[in-house]
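# Summary of structural features
The lines below spell out each chain.
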Amino acid sequence: MAAERPADAEDPVGYFLQDMTYHGKTDRTRDAYERVLRAFESFLGDPSRNPSGTARSVDDATHRDCMAWIHTLRNRDVAPSTVATYASYLHRFYAYMAQVGAFDSNPMSLVMEEMDERIDTNPARRELSVPQMRGFVREIAHPLDHALVVTLLKTGMRVGELCNLDLRDVSLAADTPLSGVSTRAALDGRGPSIYVAADPSVGSVTNGESRTASNKRKRSTVVPVDEELEGVLLRWLAIRPDSPSPAEPLFVGTASGWGQRLEPDAVHHVVTAHAADAGWYRAGGDREENVTPHYFRHFFTTHLRDRTGDRGIVKYLRGDVAGDIIDTYTHNWGDRVRETYESKIYSLC
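Residues numbered from 1 in each chain as written. Predicted model: local features only at pLDDT ≥ 70, side-chain atom pairs only at ≥ 80, totals over all residues. Heavy atoms only, no water.

Now for the overall build of the protein. The helix and strand inventory of the protein stands at 14 helices and 5 strands. By residue count, 48% of the 349 residues in the protein fall in the buried class. Sequence-distant contacts in the protein: of pairs separated by 6 or more residues, those separated by 24 or more amount to 64%. Total accessible area computed for the protein in this model is approximately 16200 Å², and 48% of it derives from carbon and sulfur atoms. (Helix = DSSP H or I, 4+ residues; strand = E, 2+ residues; numbered from the N terminus. Buried < 20%, exposed > 50% of the residue type's maximum accessible area, 1.4 Å probe, protein only. Contact = heavy atoms within 4.5 Å. Areas by Shrake-Rupley, 256 points an atom, 1.4 Å probe, with all protein chains shown as cover.)

Next comes the structure, spelled out in structure tokens:
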């Protein structure tokens, strides 16, 4: 698998870790990557454990080697969230080394596709149809609750990303309550859309306000807003309280915490309260049974992917792809992402 690598990349893992330092990653992050990558390196070097039956190095590993390592983690009863984290570390390592020309390709790409499919098709997970979800949404009367639920369902964003949205991150039609707000340059010429940034994190100051939630996108994403979501947001903006925050949060409290940015716990409570009314949530239920904000992300992924047949666009909208892949969709945003989204997104109201 090795290409003509940079002269100082004879130790690929060491090369990658050194570049992480140059890119400003913390020692803690670098150490976490080193533990995982060296463990994988050790796995490859043990002929009794890897599929080939011979010692391998990271630069000639195949997708079967990567899958076998993931399999051993699962057999050791490593938590699924930890397995996913370790897989993402290995994926980023190979993606970077391919980008700098040290490796020919990324053997983790196929593995990540398989892992995504495994998660999205969990047979134990509650499955709701679009008509069922439409009936659920129509029972939500309060403009704030309605806007929160519809935004999550029609964008696939995480609850922390929803809470971090500011007015500047939203572009709607002219002559709306947002017509006097200076929006991000990335939204210029995109039509009604939402900018989901990659950078806000807990404790950081973004747009003049300290944040209590983190976004987890690999790259910032522009998500289309169709006519239905635009109408829902306009209804909310018509009654949105003024906020004392200089960041002008999009979603703020209308009861306790009047005008203050909503936090993930508050959104989770809104969603689960309505889900409980529908019989879709019970205290003590597991994540496969209960409908939560995270379930809405699964719903978005499953139904939009089935309707489009385009995993790439769905991954772009979810913020799950980085590098040249996301750049392709960014470049073709107008004639591919928006057109595909608007023609295939489900109606909820």
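Still more to cover.
This part is about the nonpolar core. Among soluble globular proteins, nonpolar side chains are generally buried collectively. Ranked by internal contacts, the top residues of the largest apolar core, which has 58 residues, are Met133, Ile194, Phe251, Phe296 and Leu317. Top element by residues in this core is helix 7 (residues 143–155). It accounts for 7 residues. Counting residues in each nonpolar core, the second largest holds 34 residues, with Ala32, Phe40, Ala68 and Val111 among its members. (Core = buried A, V, L, I, M, F, W, Y, C linked by side-chain atoms within 4.5 Å.)

Turning our attention to helix 6 (residues 130–138). Every buried residue belonging to helix 6 is among Val130, Met133, Phe136 and Val137, and all of these are buried. In an axial view of helix 6, the angular spread of the buried residues amounts to 120°, which keeps them on one side of the axis. Away from its buried face, by an angle of more than 90 degrees, helix 6 presents the exposed residues Pro131 and Arg138. On the buried face of helix 6, the contacting elements are helix 7, helix 10 (264–277) and helix 11 (293–308). (Arc of directions from axis to C-beta.)

The next thing to look at is the pairing of strand 2 (residues 193–196). Neither face of strand 2 is open: one carries Ser193 and Tyr195, the other Ile194 and Val196, and all of them are buried. In the sheet, strand 1 (residues 170–171) pairs with strand 2 via 2 bridges, with the strands oriented antiparallel. Bridged to serine 171 within strand 2 is serine 193. Pairing between strand 2 and strand 5 (residues 221–224): 4 bridges, direction antiparallel. Each bridged residue has a counterpart across the sheet, and for valine 196 the counterpart in strand 5 is threonine 221. (Pairing = 2+ DSSP bridges.)

Further remarks concern the packing of aromatic side chains. Each aromatic ring pair is specified by the distance between its two centres and by the angle formed by the two planes. Counting across every chain of the model gives 15 aromatic pairs. For the ring pair phenylalanine 40 and tryptophan 69, a centre distance of 5.2 Å and an interplane angle of 65° mean the geometry is edge-to-face. Linking phenylalanine 40 in helix 2 (residues 27–44) with tryptophan 69 in helix 3 (residues 63–75), this pair joins segments that are 29 residues apart in sequence. The same class applies to phenylalanine 40 and to tryptophan 69, which are both buried. (Phe/Tyr/Trp six-rings, centres within 6.5 Å; stacked < 30°, edge-to-face > 60°.)

Attention now moves to helix 11. Compared with an ideal rise of 1.5 Å per residue, which puts 16 residues at 22 Å, helix 11 spans 23 Å between its outermost C-alpha atoms and is within 8% of the ideal. For helix 11, the tally of buried residues reaches 12 of 16 residues, placing the bulk of the element in the interior. Here helix 11 has its buried residues at Pro293, Tyr295, Phe296, Arg297, His298, Phe299, Phe300, Thr301, Thr302, His303, Leu304 and Arg305. Downstream of helix 11 by one or two residues, glycine 309 has phi in the positive range, about 70°. (Expected span 1.5 Å × (residues − 1).)

With that settled, the discussion passes to unusual backbone geometry. Its identity as a non-glycine residue notwithstanding, aspartate 77 has a phi of 60°, on the positive side. Relative to the helices and strands, aspartate 77 is located in the loop between helix 3 and helix 4 (80–99). Residue classification places aspartate 77 among the exposed positions, given a relative accessible area of 70%. If you check the backbone angles, asparagine 207 has positive phi at about 55° while not being a glycine. Along the chain, the position of asparagine 207 falls in the loop between strand 3 (205–206) and strand 4 (209–210). A residue is classified by how much of its surface remains accessible, and asparagine 207, at 30% relative accessible area, is partly exposed.

Turning our attention to the sheet that holds strand 5. Spatially, 3 strands are ordered 1-2-5 in an open sheet, and the strand pairing comes out antiparallel. Because the sheet does not close on itself, it has two edges, and the strands there are strand 1 and strand 5.

With that out of the way, let us pick up the side chain of arginine 184. Residue placement: arginine 184 occurs in the loop between strand 1 and strand 2. With a relative accessible area of 19%, arginine 184 lands in the buried category. Reaching out from arginine 184, the side chain makes a polar contact with the side chain of aspartate 169 at a distance of 2.4 Å. Residue contacts for arginine 184: discarding those within four places in its chain leaves Arg168, Asp169, Tyr195 and Ala197. (Polar contact = N/O pair within 3.5 Å; in protein donor to acceptor, adjacent residues only side chain to side chain.)

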